[in-house]
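Below, each chain spelled out in residue letters.
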Amino acid sequence: MRFSVAMPEDLLIRFDSLVARRGLAKNRSEVVRDLVRDALVEEDCAIPGTEVLGTLTITFNHHSSDLQEKLHAIQHDYFEYIISSMHVHLDAHNCLEVIVLRGETGLVQDIANLILGTKGVKNGKLVVTTTGGHI
Ligand code: NI
């Protein structure tokens with residue numbers, strides 16, 4: 001389907017810069033479609049009861065007292081919802097861990113918050129998505 005959109009000139013200029021940054025393969029229509037899909041996935045992930053996939057990335061210092069044992073224990077407590085994890089030794093002290101979760105959106109958020117709230121976790125972010133049927 002084709003439709004036309006009206007927007008203020010300054011917003012269109014900024015949008016065209018975004019389109020340019022996304023590369024030669026992208027045009028206005030494709031970027032609008034990408035943004036609409038992102039918004040729909042975000043909406044779906046906010047509906048209680050929705051099954052989501054979450055990717056939690058954290059960094060921490062592995063010398064922090066019993067942090068590794070705590071992170072390990074949380075992952076065993078919720079083994080049904082944690083489908084994979086990857087540990088990267090960044091340098092002599094710092095580690096990065098990527099934890100992939102699958103489950104009801106509220107539960108995935110709660111498990112992520114538990115991990116993010118563990119003393120010694122320096123930085124982290126959860127990204128959620130769905131396999132939902134958007135074209
Ligand atoms: Ni490590």
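Note that this is a predicted model, so its numbers are computed, not measured.

Thresholds, definitions, all that
Residues numbered from 1 in each chain as written. Predicted model: local features only at pLDDT ≥ 70, side-chain atom pairs only at ≥ 80, totals over all residues. Heavy atoms only, no water. Helix = DSSP H or I, 4+ residues; strand = E, 2+ residues; numbered from the N terminus. Rg over C-alpha atoms; globule rule 2.2 N^0.38 Å. Buried < 20%, exposed > 50% of the residue type's maximum accessible area, 1.4 Å probe, protein only. Areas by Shrake-Rupley, 256 points an atom, 1.4 Å probe, with all protein chains shown as cover. Lys, Arg positive; Asp, Glu negative; His and termini not counted. Charge placed at Lys NZ, Arg CZ, Asp CG, Glu CD. Patch = residues over 30% accessible without salt bridge, like charges linked within 9 Å, V, L, I, M, F, W, Y side chains within 5 Å. Salt bridge = Lys/Arg side-chain N within 4 Å of Asp/Glu carboxyl O. Core = buried A, V, L, I, M, F, W, Y, C linked by side-chain atoms within 4.5 Å. Contact = heavy atoms within 4.5 Å. Domains from an automatic or database assignment. Donors = N, O, S within 2.8 Å, 3.2 Å for Na, K, Ca; no water. Pairing = 2+ DSSP bridges. Axes fitted to C-alpha atoms, helices over the stretch in contact; angles between N-to-C directions.

Asks: Report on the overall build of the protein, specifying residues and quantitative values.
Replies: If you tally the helices and strands in the protein, you get four helices and four strands. Along the protein, from the amino end to the carboxyl end, the secondary structure elements read α-α-β-α-β-β-α-β. For a compact globule of 135 residues, the expected C-alpha radius of gyration is about 14 Å, and the protein comes in at 19 Å, more than 25% above that figure. Each principal axis of the C-alpha atoms in the protein carries an extent, and together these give about 55 × 35 × 25 Å. Counting every position in the protein, which comprises 135 residues, the buried fraction comes to 25%. As presented, the protein carries roughly 9,400 Å² of accessible surface, and 56% of it is formed by carbon and sulfur atoms. Side chains of the protein carry 13 positive and 18 negative charges; the gap between the two charge centres is 8 Å.

Asks: Please set out a nonpolar patch on the surface residue by residue, giving values where relevant.
Replies: Judged by side-chain polarity, Phe 3, Val 5, Met 7, Leu 11, Val 32, Val 36 and Leu 40 come together as a nonpolar surface patch covering roughly 620 Å² of accessible area. Broken down by element, the nonpolar patch gets its largest block of residues, three residues, from helix H2 (residues 28-45). One can find Met 7 in the segment before helix H1 (9-21). Classification of Met 7 as partly exposed rests on a relative accessible area of 35%.

Asks: Which residues make up the nonpolar core, and what values do they have?
Replies: One finds Leu 56, Ile 58, Leu 71, Ile 99, Leu 101 and Ile 115 to be the most contacted residues of the largest nonpolar core, which totals 19 residues. Elements supplying a minimum of two residues to this core: H2, strand S1 (51-61), helix H3 (67-77), strand S3 (94-104), helix H4 (105-116) and strand S4 (121-129). When neighbours within four sequence positions are excluded, Ile 99 is seen to be in contact with Gly 54, Thr 55, Leu 56, Ile 58, Gln 75, Ile 82, Ser 84, Ser 85 and Ile 115.

Asks: Could you give me a rundown of the domain arrangement of the protein, with the residues and numbers involved?
Replies: For the protein, the assigned domains read domain 1 (9-45) and domain 2 (51-130). The centre of domain 1, based on its C-alpha atoms, is set 30 Å off from the matching centre of domain 2.

Asks: Just give me the short version of the coordination of the nickel ion, but keep the residues and values in it.
Replies: Here the nickel ion is held by His 87 (NE2), His 89 (ND1) and Cys 95 (SG), and the distances to it run 2.1 to 2.4 Å. Among the residues examined, His 87 registers a relative accessible area of 30% and is labelled partly exposed.

Asks: Account for the sheet that holds S3, naming residues and giving values.
Replies: Pairing is antiparallel in the open sheet, where four strands are placed in the order S2-S3-S1-S4. With one partner strand each, in any of the chains shown, strand S2 (82-89) and S4 form the two edges of the open sheet. For this sheet, the mean inter-axis angle between neighbouring strands, taken without regard to orientation, is 15 degrees. Two strands pair when backbone bridges link them, and S1 and S3 are joined in this way by 11 bridges, in the antiparallel orientation. By the bridge assignment, Val 52 is partnered in S3 with Gly 103. Most of the contacts of H3 go to S1, to which it runs at about 170 degrees, and overall it touches S1, S2, S3 and S4.

Asks: So, the pairing of S1: which residues are in play, and what are the values?
Replies: Where S1 lies against S4, eight bridges are found, and the strand directions are antiparallel. Residue pairing in the sheet places Gly 54 in a bridge with Val 128 of S4.

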